[in-house]
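Fold and contact review
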Amino acid sequence: MILYLAGYKPCARRWCMDTSDIYLLSSFWEHKSGRYGSYVLQEKHILDSGAFSAFSGNNNGFDWDSYVRKYADFILKNNIQKFFELDIDVVVGLRKVEYYRRYLEDKTGRKPIPVWHASRKRDYFLRMCEEYPYVAIGTTSAMEEGRRIRQNPMILKWFIDQAHSAGIRIHGLGFTSSKYLPYLKFDSVDSTTWLSGARYGQIYKFDNGQMQCYDPPKGMRARHHDLVNRHNFNEWIKFQKYAEEFL
């Protein structure tokens, strides 16, 4: 299983490293200004549309047509091989999402990774498995349906089994539970959890196949967020290497 680390920003926090051997997931929402690192060109990189960030902000009347055109241009310019569709069903409806998906296919000559949400129903997931070599399912805790799934993660097994029965790969968005990953057998997942060092002062340590999280003492906060993030990033790289070999 491949564990993609999301949210990495090279040199932005005054620490740089060779990322050529690290699986990274980045968001077009952060790259659209033209500032991004060379890691987007690397084989082990996967690109998210950034659509969630776009509609999470104050974006009434957002120009999605322009956004998807820029997204396609970025994919072509940087020769991105793996990228997600704009899964904005709750904003523009599924029919429009399908239109944008076809646009990406026509413009880039590549199939995006469609993202299943509960509103699409299970039959739609089966059709995704027939038409695409790589599919994804939303499990991030930032979305209500993701929070419902996390209450009973084993419901994901049906989707994983269906994908594998069709001979395709499946990605779990925002799912890195070391408790369930050995049983669920995703082909890939991603996480920004390592960044909680800056948000909450938490320290991570990977040991014996498990990621341990340590909270700061009550009433205290981390002083040097950059150092905490770098430490956590390195520990999650250990998790990544373990997952690639054993999960």
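All residue numbers refer to positions counted from 1 along the written sequence of the respective chain. Confidence filtering applies because this is a predicted model: local features only for residues at pLDDT of at least 70, side-chain atom pairs given and counted only at 80 or more, and all residues used for totals across whole chains, interfaces and linings. In computing side-chain values, all of the structure's heavy atoms are included and hydrogens and water are not.

Mean pLDDT for the chain: 88, with 89% of residues reaching 70 or above. Every residue carries a pLDDT, the predictor's confidence in it, which falls somewhere between 0 and 100. Think of it this way: any DSSP run of H or I at least four residues long counts as a helix, any run of E at least two long counts as a strand, and we number them from the N terminus. Ranking the elements of the chain by mean pLDDT puts helix α7 (residues 144–151) last, at 67, and helix α5 (residues 94–108) first, at 98.

The next subject is the environment of glycine 197. Along the polypeptide, glycine 197 turns up in helix α10 (residues 196–200). Between buried and exposed lies partly exposed: a residue is buried under 20% and exposed over 50% of the maximum accessible area for its type, with that area taken using a 1.4 Å probe on protein chains only. Assessed through its relative accessible area of 0%, glycine 197 is described here as buried. Sequence separation of glycine 197 and aspartate 215 is 18 residues, and the distance between their C-alpha atoms is 9.2 Å.

Next up on the list: the pairing of strand β5 (residues 134–138). Where burial is concerned, most of β5 is hidden: five out of the five residues are buried. What you see with β5 is no split at all: Tyr134, Ala136 and Gly138 on one side and Val135 and Ile137 on the other are buried throughout. For two strands to count as paired, DSSP must find a minimum of two bridges between them. Bridging between strand β4 (residues 115–116) and β5 involves two bridges; their strand directions are parallel. Opposite valine 115, over in β5, you have alanine 136 as the bridge partner. Each parallel crossover has a hand, and for β4 linked through helix α6 (residues 121–131) to β5 it is right-handed. The pairing of β5 with strand β6 (residues 169–173) spans five bridges and is parallel. Directly across from valine 135, in β6, lies its bridge partner isoleucine 170. With strands facing away from the observer, any crossover in which the path from the first strand over the helix to the second runs clockwise is taken as right-handed.

The phi torsion at lysine 121 lies on the positive side, around 70°, for a residue other than glycine. Along the chain, lysine 121 turns up in helix α6. A residue is classified by how much of its surface remains accessible, and lysine 121, at 58% relative accessible area, is exposed. The phi dihedral of lysine 185 falls on the positive side, at around 60°, and the residue is not glycine. With respect to the element layout, lysine 185 can be found in the loop between α9 (181–184) and β7 (188–191).

A side chain of one charge can pair with a side chain of the opposite charge when the charged atoms of the two come close. Whenever a carboxyl oxygen of Asp or Glu lies within 4 Å of a side-chain nitrogen of Lys or Arg, that contact is scored as a salt bridge. Tallied over the entire structure, the rule returns nine salt bridges. Of the charged contacts in the structure, one is a salt bridge between arginine 120 and glutamate 85, with a shortest N-O distance of 2.9 Å. Of this pair, arginine 120 sits in the loop between β4 and α6 while glutamate 85 sits in the loop between α3 (64–77) and α4 (89–92), and the two are 35 residues apart along the sequence. Like glutamate 85, arginine 120 is buried.

Pairing of aromatic side chains requires ring centres within 6.5 Å, counting the rings of Phe and Tyr and the six-membered ring of Trp. Pairs whose planes differ by under 30 degrees are stacked, by over 60 edge-to-face, and all others tilted. A complete count under the given rule lists 26 aromatic pairs for this structure. With 6.3 Å between their ring centres and 85° between their planes, tyrosine 71 and phenylalanine 83 make a pair best called edge-to-face. With a gap of 12 residues between them, tyrosine 71 in helix α3 and phenylalanine 83 in the loop between α3 and α4 connect regions that are remote in the sequence. We note that tyrosine 71, like phenylalanine 83, is buried. In this structure an aromatic cluster arises from ring pairing among Phe28, Trp29, Tyr36, Phe62, Trp64, Tyr67, Tyr71, Phe74 and Phe83. Looking at lysine 32, its charged tip hangs above the ring of tryptophan 29, at a distance of 3.6 Å from the centre. Any Lys NZ or Arg CZ that is within 6 Å of a ring centre and within 35 degrees of that ring's normal is treated as a charge sitting over the ring.

With that out of the way, let us pick up the nonpolar core. Put simply, a nonpolar core is a bunch of buried Ala, Val, Leu, Ile, Met, Phe, Trp, Tyr and Cys residues held in one set by side-chain atoms that sit within 4.5 Å of each other. Counting residues in each nonpolar core, the largest one holds 57 residues, and the members touching the most others are Leu5, Leu86, Phe125, Ile170 and Phe186. Residue contributions to this core peak at seven residues, all from α3. Setting aside anything within four residues of it in sequence, one finds phenylalanine 186 in contact with Met1, Ile137, Leu156, Ile160, Ile170, His171, Gly172, Phe175 and Leu181. Of all hydrophobic cores here, the second largest spans 12 residues; its members include Ile2, Tyr23, Tyr134 and Leu173. In what follows, residue pairs with any heavy atoms lying within 4.5 Å of each other are defined as contacts.

Neither face of strand β3 (residues 45–48) is exposed, since His45 and Leu47 on one face and Ile46 and Asp48 on the opposite face are all buried. As paired strands, strand β2 (residues 24–27) and β3 are joined by four bridges and run parallel to one another. Each bridged residue has a counterpart across the sheet, and for leucine 25 the counterpart in β3 is isoleucine 46.

As a further point, take helix α8 (residues 156–165). Among all positions of α8, only Leu156, Phe159, Ile160 and Ala163 are buried. Looking straight down α8, one finds its buried side chains confined to an arc of 95°; they lie on one side. With its phi angle positive at about 75°, glycine 167 sits one or two positions after the end of α8. To be clear, the arc concerns the directions from the helix axis to the C-beta atoms.

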